[in-house]
Amino acid sequence: MLKSVNLMAVVMASIVLISPAVSVINTKAAGPQKKFGLGRMATAAEVKAWDIDVRPDGRGLPEGQGKASDGEKIYTSKCAACHGDFGEGVDRWPVLVGGKGTLKSDDPVKTIGSYWPYLSTVFDYVKRAMPFGDAQSLSNNEVYALTAYLLFMNEIVDDENFVLSKNNFSKIRMPNEKNFTKDPRPDTPLMSSKKPCMKACKTAVKITKRARVIDVTPTIDTKKN
Amino acid sequence: MENKKPASATTTSRRGFLRGGLVAGSAMLAGSAVAKTKSEKAITEVPEWSQLLGDGVDASPYGKPSKFEKSVVRKNVEWLTATTESSVNFTPLHKLEGIITPNGLCFERHHSGVAEVDPAQYRLMINGLVDKPMVFTMEDLKRFPRENHVFFLECAANSGMEWRGAQLNGCQFTHGMVHNVMYTGVRLKDILAEAGVKTNAKWLMVEGADASGMNRSVPLQKGLDDCLIAFAMNGEALRPEQGYPARLVVPGWEGNMWVKWLRRIEVGDMPWHAREETSKYTDLMENGKARRFTWEMDCKSVITNPSPQAPIVHGKGFTVISGVAWSGRGTVSRVDVTIDGGKNWHTARIDGPSLNKSLHRFYYEFEWDGRPLLMQSRAIDSTGYVQPTKDALRKVRGINSIYHNNGIQTWHVKAGGEVENVEIS
């Protein structure tokens, strides 16, 4: 009993030590922060032009709406060349659909449906970075429609007439939201609990895996390199 | 203090050294010490460079490495990604010395190619939970007090291809998503103070100006602690591929957060859960759960010479093992090296500056008897963190986590000096 209490204390202490102190903002440690009087105030139009991010609670969403079936048309013309007709991903381009139930397997398929915790990430990313090579070219309604279609393809909504808008956006919950955890590192023993062995640490050593067998290294000419 | 000792007994007393010199000197006078090997033309004939004039000044206004060093370049692993615009290449660690990575050899990771930002058009915006949203030009940024720091930048996916076993033959490919340069920049907390951060602020969203608009959430406390907005690396302006004209520096934390071509910082009360901190840069465990916000880079080391791209070519005899070690939590206090697959370990010699969250250079010198070797290095940082084996990591995390593989690397040196990436029992 005593042992487990001690262990608990150690665990608690290490949690306190390793957790980034994000909840305690210490700005006053070095006295009042000096101001330099540099820069200028941003105009409302400038902030509006750049402030395109969207958060899980829906903050940042623009006015607008889009229907899944309209999203399909945009997807076919602007997305399918890389992501595939069914979101399966062409060559090494990202897979967008499927993968449900694979996260514990040897071949996890991390898609919007199987992995992404928040729908806001889809809107935010498509709006800022897609289509690849033509970023920020989609209208807000087009991004709503594409996001709705991606929900439909991932069977998170089952109606191709589903309309996604600023109003119903944050009601949508993604299936994998609960499966994200905090960073528990360090998760291997520290010096204080286990000193590394220096002498006669093992009796026999065998090679268990070799890179040569797999042979995927870009061509190396050791004479030249 | 152990690391200050020489790794091999090569110390010679001054008196002994002088005596040795006298003996050699008198032998030369007697004319008895004459090599029996054939004379080399490299000495007996006058080479072109000793006879003719070379290039004058300005032949290369921005200097380049010797033409004999052409193979010392970054390299890409083509099968890894669909296109070079959203891809990565690797620092040739096996060809580098000391702790500083030359600017042209710092590995690249882009999400939509290199943004060619005109510094005259560059603007940095601070908005969100601030008293007044602000805009800064490059000139404004350079008027804040400057600091110089050497920091490593490591991609969280460095060594990610090795989770399932030894795969790539060369430390350039297994460990080359790291570089270490001296940054010149200004404190992020000074910039934030100009806008006035509101008391309920807890997070920052940092965003790039490239065509991916790369964005990440950073805890405000980290931003106030030690983040910089850098505009120079190794004494010159940032290279375009490293975020010219300004990038974020997030010491000790994964490279993806060091947003390049930094254009906007939004202050908020909750994290954003952007694509690069949900879909990517989360670590999937065996039980199907994924760790998120795994920012810190654990202590890690690798032997860079010998390694598969840098075999031993001199045969048996005195041999120098060289490598690099680093930790996102502080300095590296010790590096141990084994040449017998972990049966016995020797404390290596750390040489050169030991800086916070920077690469450290280590050496271990020994007499090689020409028999096969199994070489490893194991780094220990100032927090007492011990670099684990790859199997120890797999035991805790499984093999699907992609990121944060800081396990001990094994090189198999064969009798001929050839080196292979292997794993051992």
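Residues numbered from 1 in each chain as written. Chains lettered and ligands numbered in written order. Predicted model: local features only at pLDDT ≥ 70, side-chain atom pairs only at ≥ 80, totals over all residues.

Caption draft 1: The arrangement of the overall build of chain A in detail. Summing up its helical and strand segments, chain A has seven helices and five strands in all. The linear arrangement of helices and strands in chain A, starting from the amino end, is α-β-α-β-α-α-α-α-β-β-β-α. Per-residue burial for chain A yields a buried fraction of 27% across its 225 residues. In chain A, once contacts between residues fewer than 6 apart in sequence are set aside, the share between residues at least 24 apart is 58%. (Helix = DSSP H or I, 4+ residues; strand = E, 2+ residues; numbered from the N terminus. Buried ≥ 20, exposed ≤ 12 C-beta atoms within 10 Å, placed from the backbone. Contact = placed C-beta atoms within 7 Å.)

Caption draft 2: Here's a closer look at the overall build of chain B. Looking only at helices and strands, chain B has eight helices and 24 strands in total. With the C-alpha coordinates aligned to their principal axes, the bounding extent of chain B is approximately 85 × 60 × 45 Å. Counting across all 425 residues of chain B, residues that qualify as buried make up 52%. Put simply, of all contacts in chain B between residues at least 6 apart along the chain, 72% involve residues at least 24 apart.

Caption draft 3: Representation of the interface of chain B and chain A within the structure. Taken together, the contacts link 89 residues of chain B with 75 residues of chain A. Considering every element that reaches the side of chain B that touches chain A, the biggest residue donor is strand E24 (residues 419-424) of chain B, with five residues.

Caption draft 4: Geometry of the sheet that holds strand E20 (residues 349-351) of chain B. All names here are of chain B. With antiparallel pairing, the four strands of this open sheet are ordered in space as E16-E17-E21-E20. Lying at the two open borders of the sheet, with one neighbouring strand each, are strand E16 (300-305) and E20. The sheet shows a mean angle of 35° between the axes of neighbouring strands, taken without regard to direction. Two elements, E16 and strand E17 (residues 317-326), share five bridges in a ladder whose sense is antiparallel. Each bridged residue has a counterpart across the sheet, and for valine 302 the counterpart in E17 is valine 324. (Pairing = 2+ DSSP bridges. Axes fitted to C-alpha atoms, helices over the stretch in contact; angles between N-to-C directions.)

Caption draft 5: Highlighting helix H5 (residues 119-129) of chain A. All names here are of chain A. Most of H5 is tucked away, with 11 of its 11 residues classed as buried. When we look at burial in H5, the residues that qualify are Leu119, Ser120, Thr121, Val122, Phe123, Asp124, Tyr125, Val126, Lys127, Arg128 and Ala129. Taken together, the buried residues of H5 touch helix H6 (140-153).

Caption draft 6: Inspection of the sheet that holds strand E15 (residues 290-291) of chain B at higher detail. Pairing in this open sheet of three strands is mixed, and the strands run E4(A)-E15(B)-E14(B) from one edge to the other. The open sheet is flanked by strand E4 (180-181) of chain A together with strand E14 (283-284) of chain B, the only strands paired with a single partner. Looking at chain direction, E4 of chain A and E15 of chain B are connected through two bridges and run parallel. Residue pairing for E15 of chain B: phenylalanine 180 of chain A is matched across the bridge by alanine 290 of chain B.

Caption draft 7: Representation of the packing of H5 of chain A against H6 of chain A within the structure. Residues and elements named next belong to chain A. Relative orientation of the contacting elements H5 and H6 amounts to 135°, with a least axis distance of 10 Å. If you check the angle between H5 and H6, you find them oblique. Considering the relative orientation of H5 and H6, their crossing is right-handed. Between H5, through Leu119, Val122, Phe123, Val126 and Lys127, and H6, the contact on the second element is made entirely by Val143, Leu146, Thr147 and Leu150. Of the residues in the contact of H5 with H6, the class split is seven nonpolar, one polar and one charged. (Parallel < 35°, antiparallel > 145°, perpendicular 65-115°, else oblique. Left-handed = near helix turned anticlockwise from the far one by under 90°. Nonpolar A, V, L, I, M, F, W, Y, C, P; charged D, E, K, R; others polar.)

Caption draft 8: View of the confidence of the model for chain A. Residue and element names in this part refer to chain A. Across chain A, the average pLDDT comes to 88, with 83% of residues at 70 or higher. Predicted confidence for residues 1-24 stays below pLDDT 50, and this span has nine contacts to residues more than four positions away or in other chains. Confidence drops under a pLDDT of 50 for residues 221-225, and excluding neighbours within four residues, the segment shows six contacts in the predicted structure. (pLDDT = per-residue confidence, 0-100.)

Caption draft 9: Here's a closer look at the environment of lysine 222 of chain B. Considering the arrangement of structural elements, one finds lysine 222 of chain B in helix H7 (residues 220-225). C-alpha separation for the pair lysine 222 of chain B and tryptophan 203 of chain B, spaced 19 residues apart in sequence, amounts to 9.2 Å.

Caption draft 10: Structural view of unusual backbone geometry. Cis geometry marks the peptide bond from arginine 185 of chain A to proline 186 of chain A, where omega comes out at 0°. Note that the residue after tyrosine 244 of chain B, namely proline 245 of chain B, is joined by a cis bond; omega there is 5°. Its place among the elements puts proline 245 of chain B in the loop between strand E11 (236-237) and strand E12 (247-249). Notably, tryptophan 261 of chain B is not glycine yet its phi reads approximately 50°, a positive angle. Turning to its location among the elements, tryptophan 261 of chain B is positioned in the loop between E12 and strand E13 (262-268). According to the C-beta neighbour criterion, tryptophan 261 of chain B is buried, with 26 such atoms within 10 Å. Of note, the phi angle at histidine 404 of chain B is positive, near 55°, even though the residue is not glycine. Following the sequence through the fold, histidine 404 of chain B ends up in the loop between helix H8 (390-397) and strand E23 (410-413).

Caption draft 11: Highlighting the nonpolar core. Counting residues in hydrophobic clusters, the biggest one holds 108 residues, and the most contacted among them are Ile229, Ala230, Leu248 and Val249 of chain B. Among the elements that make up this core, the one with the highest residue count is strand E10 (residues 228-233) of chain B (six residues). Built from parts of two domains, this core gets at least three residues from each of domain 1 (75-291) and domain 2 (300-422) of chain B. Isoleucine 229 of chain B has contacts with Leu141, Gly185, Val186, Leu188, Ile191, Ala246, Leu248 and Leu262 of chain B, leaving out every residue within four places of it along the chain. Counting residues in each nonpolar core, the second largest holds 35 residues, with Ile112, Ala129 and Met153 of chain A together with Leu284 of chain B among its members. (Core = buried A, V, L, I, M, F, W, Y, C linked by C-beta atoms within 7 Å. Domains from an automatic or database assignment.)

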